Structures are given as structure tokens and as C-alpha cells.
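Here is what each chain is made of, one letter per residue.
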Amino acid sequence: MADKKRFTSSRKLDHLRICAEKEVESGDTGFGDVRLVHNALPECDMRSIDLSTRFFGHTLSSPLFISAMTGGHPGTKETNARLARIAERFGLGMGVGSQRAALENPALADTFSVVRDEAPHAFLVANLGAVQLRDHGTAWAEEAIGMIGANAIAIHLNFLQEAIQPEGDHNATGCLAAIAALCAEIKTPVIVKETGCGISREVARQCWSAGAAAIDIGGWGGTSWAAVESIRADESRNAQDRCLKTLGEDFAGWGIPTVVSLAEVAGTGSPVIASGGIRNGIDTAKCLALGADLCGMALPLLKPALESDDALVSTVETIHRELVASMFLCGAARVRDMRRARLSITGKTRQMMDDGNPLVKQDNP
């Protein structure tokens, strides 16, 4: 058991290092096929654009959400602390990485609890895998929530990653029932979160029926965990693990593009968090127009978070300036006004939407 605990923790540091140093993005989110229709007479004051938004009864200063990145190894503590300080400073929501390592080894809990220490007023989201929820039940979820004083908990779905990891769990049976049981047993809002392959409308409906309070689509086109695990396999000293390198490369193209997934899920219910390859404020504006309530970013914030507080502040300010300018040029004085922004979708993204007949509007009333 001790070896298992150490392995889980060291894997977290591997993931952080690989995402920071290697090329781990794969695919096409579809943002290039989405064009917001320019409003030549916006009739609003750009200096007064209001980025504040409500989520689960909390007022956030911006729809930018700091997506789950790290925790679970002593070397990740300062990164989480820096991200939390920025969440507190800007009034942003923030998720932490999978808390499995700290649940297996309580000595690692401070790599997660530091976020509440640094962000006493922020909206924080705990994180537990669907497999761990199934195997350990509500008790682990409640412990994860308590560890960071969370306002919500994300149950993540990462079965592509599990399929490629040499230590991955290949049994997905019982996870939907476990999510339903959790939703019925706790008062804390439950977010069902994909980790880079997107969620279809069929799965979204299953999640809503199970009692999910929100869905984080985690679409394809950003960080590819197939690519990350392929790199891990290639670096392994174990020849059997290295055989998984090709499997990871083969499945780097697997998933539902972020724009397509967002359109499908937003057509089934709300609130929805868009994530997966969102790289700037213009992408964020497109997601808001497509029906997102919050827009999660991880990789664009990771490198500055590893550098300094100042670098991270500068990155967030740039994203906000891009979002404000986008809203101004759509004539949207408030975040909710972006729901009325016109947009055009073309190319392969349009074709995928037409082929799947998703519930998406091209001209919002």
C-alpha cells in the first residue's frame, strides 16, 4: 500500500512537469470555425463592461475559472498556493487537481489545503475521480471537500487516460450509480467533469438525471492526457510501459471538440463550465455566446504559475482585457448579454454539429 501511495504522488509531479515542459496539446477545439458577429454600433462603454457573474449563488468577478491542475506531491504545493492567491486577488473560482494522493496519504493534504489558506473567500472546487468515488463512496468525497473547505466537488471522468496508463483502472462499471448516490447524499453541489475528451448530449442527460448540479465539458483540443501518458510511457524504464507510448499517440485524436461538446451539453441543461483548449479572452467570449456559464483554463495559467505571482497576474489581466474587448465589440455590457451575441459556425465544426443534430442556435434571440 505504501508503494501505491508513493506512486500516486510521484505521478502527480510527472504530470505537472510534462505539461509544463513538453508539447501536450492535441487536436482542434473548433474555435477557429466560430466567428462572433461584429457589432459596429455597440452602444456600450468599454470602460464599464461588467465581467461579474453568478455561479451556485456565489458572485465571481469574472467567468474565468482556474481549472484543476495539481496537488498531491510536496513539489506541487507552491504552485497551488500561487494559483489560489490569484483566485483570491481577482475573485475567481478555482478547482484543485485530483485529491486521491492526499486521501491515500494524509501527509500530502497540505498540498491541497493551502488553497483555502491562500484564498479564504474564493469559490473552490474539490476533485475526485469517478472510479475512486465508486470504490470508496461518499466518505472520500466528503473528506476531499473538507480538505479545502470546498464550495463544490468535481467528479472527474478520465477514462481515456485510464485506458493508456500502465496503472490505469479499466473498469468503468458502477460510476454513474456512484455519482447519483453522491448527489443524493450530500448538500454540496456536484460537478461532473471530463478531462479532455468532451461530453456528448447523451452523457450530459445521464449526468443531469443522476443529480449533477453542473457539467464541465472538458472538450478535445487542449491538453491531451493521451499525449501526457504517451510521454510518461516513453520515459519509463519499464519496457512494458514503453509499449503504451504508441497507444497514447494513436488516441491523441480521440474526443469531441470543445465547441461541439459545449453546443451539445448547453442544449440539455445548465449551468455548464466550458473547458478544453480555451486559450484567451476571445475563446472565452465565444464560449459564453455558445451557452457557457464559466470558462475554465489550465495550461495557459500553468507556466506563469510556475514562474511567479507577477507573471500569473499579467496573464489573467491579459485574458480579461481580451474578454472585455470582445464583449464591447459584440455590444455586450454584461456577461449574460453574450447569450444574445450572434455567431457563425463553419467548417468541420459546423459539419459535426449538422451530422449530430445538436441543440444549438445560430441566431440567439
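Report follows, based on the coordinates. Predicted model only: the values in this text are computed from it and were never measured. (Residues numbered from 1 in each chain as written. Predicted model: local features only at pLDDT ≥ 70, side-chain atom pairs only at ≥ 80, totals over all residues. Heavy atoms only, no water.)

**Considerations on the packing of aromatic side chains**
Using the following cut-off: Ring pairs are drawn from Phe, Tyr and Trp, using the six-membered ring of Trp, whenever the two centres fall within 6.5 Å, and their geometry is named by plane angle: stacked under 30 degrees, edge-to-face over 60, tilted for the rest. The secondary structure listing takes helices from DSSP runs of H or I that are at least 4 residues long and strands from runs of E that are at least 2 residues long, numbered from the N terminus. Any residue under 20% of the maximum accessible area for its type is buried, any over 50% is exposed, and the rest in between are partly exposed; the area is computed with a 1.4 Å probe on protein chains only.
Taken as a whole and judged by the stated rule, the model has four aromatic pairs. Ring geometry for phenylalanine 56 and phenylalanine 123: centres 6.2 Å apart, planes at 55°, overall tilted. Of this pair, phenylalanine 56 sits in the loop between β2 (53-55) and β3 (58-60) while phenylalanine 123 is found in strand β6 (residues 123-129), placing the two residues 67 residues apart along the sequence. Phenylalanine 123 gets classed as buried once you look at its relative accessible area, which sits at 2%.

**Here we look at the environment of valine 316**
Our working definition: Every residue pair with non-hydrogen atoms within 4.5 Å of one another is taken to be in contact.
Relative to the helices and strands, valine 316 is located in helix α16 (residues 309-330). Relative accessible area serves as the criterion here: at 1%, valine 316 is assigned to the buried category. Taking C-alpha positions, valine 316 is 8.6 Å from phenylalanine 90, a pair spaced 226 residues apart along the chain. Excluding residues that lie within four positions of it along the chain, valine 316 makes contacts with Leu64, Ile86, Phe90, Leu92 and Leu301.

**Things to note about the packing of helix α2 (residues 77-90) against helix α4 (residues 110-118)**
Worth spelling out the cut-off: Helix axes are fitted only over the stretch in contact, all axes being lines through C-alpha atoms; the angle between N-to-C directions runs from 0 to 180 degrees. What sets the label is the angle itself: under 35 degrees gives roughly parallel, over 145 gives roughly antiparallel, 65 to 115 gives roughly perpendicular, and the rest give oblique. A crossing counts as left-handed when the near helix is turned anticlockwise from the far one by less than a right angle, and as right-handed when that turn is clockwise. Three classes are used: nonpolar for Ala, Val, Leu, Ile, Met, Phe, Trp, Tyr, Cys and Pro, charged for Asp, Glu, Lys and Arg, and polar for all others, with Gly counted as polar.
For the pair α2 and α4, interaxial distance at closest approach is 8 Å and the crossing angle is 20°. With respect to each other, α2 and α4 are oriented roughly parallel. The crossing of α2 and α4 is right-handed. Contacts between α2 and α4 pair Lys77, Asn80, Ala81, Ala84, Arg85 and Glu88 from the former with Asp110, Thr111, Phe112, Val114, Val115 and Glu118 from the latter. Taken together, the residues that form the contact of α2 with α4 break down as five nonpolar, two polar and five charged.

**With respect to the pattern of salt bridges**
Our working definition: Salt bridges are defined by distance alone: a side-chain nitrogen of Lys or Arg within 4 Å of a carboxyl oxygen of Asp or Glu.
Scanning all chains against the criterion turns up 22 salt bridges. With a shortest N-O distance of 3.1 Å, aspartate 110 and lysine 77 are connected by a salt bridge. Of this pair, aspartate 110 sits in helix α4 while lysine 77 sits in helix α2, and the two are 33 residues apart along the sequence. The residue aspartate 309 makes a salt bridge to arginine 82 at a minimum N-O spacing of 2.7 Å. Of this pair, aspartate 309 sits in helix α16 while arginine 82 sits in helix α2, and the two are 227 residues apart along the sequence. Accessibility expressed as a relative area gives 23% for aspartate 309, which makes it partly exposed. Overall, arginine 82 belongs to the buried group, its relative accessible area being 14%. Linked through salt bridges whose partners overlap, the residues forming this network are Asp14, Arg17, Glu229, Arg232 and Glu235.

**Some remarks on α4**
Of all the positions in α4, only Thr111, Phe112, Val114, Val115 and Arg116 are classed as buried. On the buried face of α4, the contacting elements are α2, β5 (93-95), α3 (100-104), β6 and α6 (138-148).

**A closer look at the pairing of strand β10 (residues 272-275)**
To keep it simple, the criterion reads: At least two bridges found by DSSP between two strands is the condition for calling them paired. Viewed with both strands pointing away, a crossover whose connecting path from the first strand over the helix to the second turns clockwise is right-handed.
Of the two faces of β10, the one lined by Val272 and Ala274 and the one lined by Ile273 and Ser275 are each fully buried. Where strand β9 (residues 214-216) meets β10, two bridges bridge the pair, whose relative direction is parallel. Residue pairing for β10: isoleucine 215 is matched across the bridge by valine 272. Sheet topology note: the β10/strand β11 (residues 294-297) ladder contains three bridges and is parallel. Note on β11: the bridge partner recorded for alanine 274 is cysteine 295. As for the winding sense of the linkage, the β-α-β connection from β10 through helix α14 (residues 281-289) to β11 is right-handed.

**As for the pairing of β6**
Counting buried positions over the seven residues of β6 gives seven, a clear majority of the element. Across the two faces of β6 the burial is the same, with Phe123, Val125, Asn127 and Gly129 and Leu124, Ala126 and Leu128 all buried. Both β5 and β6 contribute to a ladder of three bridges, which runs parallel. Within β6, the residue paired with glycine 95 across the bridge is valine 125.

**Observations regarding the sheet that holds β5**
Around the barrel, eight strands lie side by side as β4-β5-β6-β7-β8-β9-β10-β11; this closed barrel has parallel pairing. Along the sheet, successive strands turn relative to each other by an average axial angle of 25°, direction set aside. Against the sheet, α6 contacts β6 and β7 (152-157), and its axis sits at roughly 145° relative to β6.

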